[in-house]
Amino acid sequence: DGGITQSPKYLFRKEGQNVTLSCEQNLNHDAMYWYRQDPGQGLRLIYYSQIVNDFQKGDIAEGYSVSREKKESFPLTVTSAQKNPTAFYLCASSMTSLQNIQYFGAGTRLSVL
Amino acid sequence: DAKTTQPTSMDCAEGRAANLPCNHSTISGNEYVYWYRQIHSQGPQYIIHGLKNNETNEMASLIITEDRKSSTLILPHATLRDTAVYYCIVYKAAGNKLTFGGGTRVLVKP
């Protein structure tokens, strides 16, 4: 069953703690993305990666880090430097092509304890 | 990327066509119009996209005006499951970045 899997579905972070959100895809897509969504708002791009071992900052990268060691995996770490991490986090992937259709995971809802 | 303007919300009767407008007056020649929707607490779902010609697929139709400054997404027979936030996005192929605005909150009523 092809698609994008995000885990966990819900995550709680303590003050000063780093947490890592998982994103795995078996669509053989080259590009992967992380978005943040606050209540009632649209999506904002955190980081994206067009190829293994390469990634670029999006519009709101401060306080976040990523890695892309494998084509199918693009984990996002929310560091302690991110002072307002409570949000809905969405991962997406796409074939890198002229026409970019992104497929999204079900999301991870992060809250601060 | 060009910005888009959509109504904040709209209601639609079940079984009727839903017509969702989007203005993108600053669109440039190499920018596509994409539509996604997001059902509550789920990831967005791709619906359709186009450059200048009208497009149709199993989910919807996309009508783009001749000057490309606006477009309309048409859901031909709205069902209750079509209740969602619909995002109109203008995308430049080389950018690999989709910019999601506020979208239109569509409520399909029985």
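Everything below is about the structure printed above this text.
Residues numbered from 1 in each chain as written. Chains lettered and ligands numbered in written order. Predicted model: local features only at pLDDT ≥ 70, side-chain atom pairs only at ≥ 80, totals over all residues. Heavy atoms only, no water.

Draft legend 1. Representation of the sheet that holds strand β2 (residues 18-23) of chain B in the model. Residues and elements named next belong to chain B. Sheet architecture is open: four strands sit in the order β2-β7-β6-β5, paired in antiparallel fashion. Among the strands making up the open sheet, the edge pair consists of β2 and β5 (55-56). For β5 and strand β6 (residues 61-64), the ladder comprises two bridges, and the chain directions are antiparallel. Each residue of the ladder has a partner; that of T56, found in β6, is S61. (Pairing = 2+ DSSP bridges. Helix = DSSP H or I, 4+ residues; strand = E, 2+ residues; numbered from the N terminus.)

Draft legend 2. Summary view of the pattern of salt bridges. Scanning the entire structure with this criterion turns up five salt bridges over all chains. Note that B:K109 and B:D11 form a salt bridge whose closest N and O atoms lie 3.0 Å from each other. One end of the pair, B:K109, is in strand β9 (residues 104-109); the other, B:D11, is in strand β1 (residues 9-13), with 98 residues separating them in the sequence. One salt bridge in this structure joins B:D82 and B:R37, with 2.8 Å as the shortest N-O distance. A residue pair is termed long-range when its members are at least 10 positions apart, and B:D82 in the loop between β7 (70-75) and β8 (84-92) and B:R37 in strand β3 (residues 31-38) qualify at 45 residues. Each member of the pair, B:D82 together with B:R37, is buried. Here the salt bridges share partners, and the residues they tie into one network are A:R36, A:D38 and A:R44. (Salt bridge = Lys/Arg side-chain N within 4 Å of Asp/Glu carboxyl O. Buried < 20%, exposed > 50% of the residue type's maximum accessible area, 1.4 Å probe, protein only.)

Draft legend 3. Examining the pairing of strand β9 (residues 87-94) of chain A more closely. Residues and elements named next belong to chain A. Buried residues dominate β9, accounting for eight of its eight residues. Here β9 shows a buried face lined by A87, Y89, C91 and S93 and a second buried face lined by F88, L90, A92 and S94. Both strand β4 (residues 31-37) and β9 contribute to a ladder of seven bridges, which runs antiparallel. Among the inter-strand pairings, M32 is bridged to a residue of β9, identified as S93. Bridge count for β9 against strand β11 (residues 108-112) is three bridges, and the pairing is antiparallel. Each bridged residue has a counterpart across the sheet, and for F88 the counterpart in β11 is R109.

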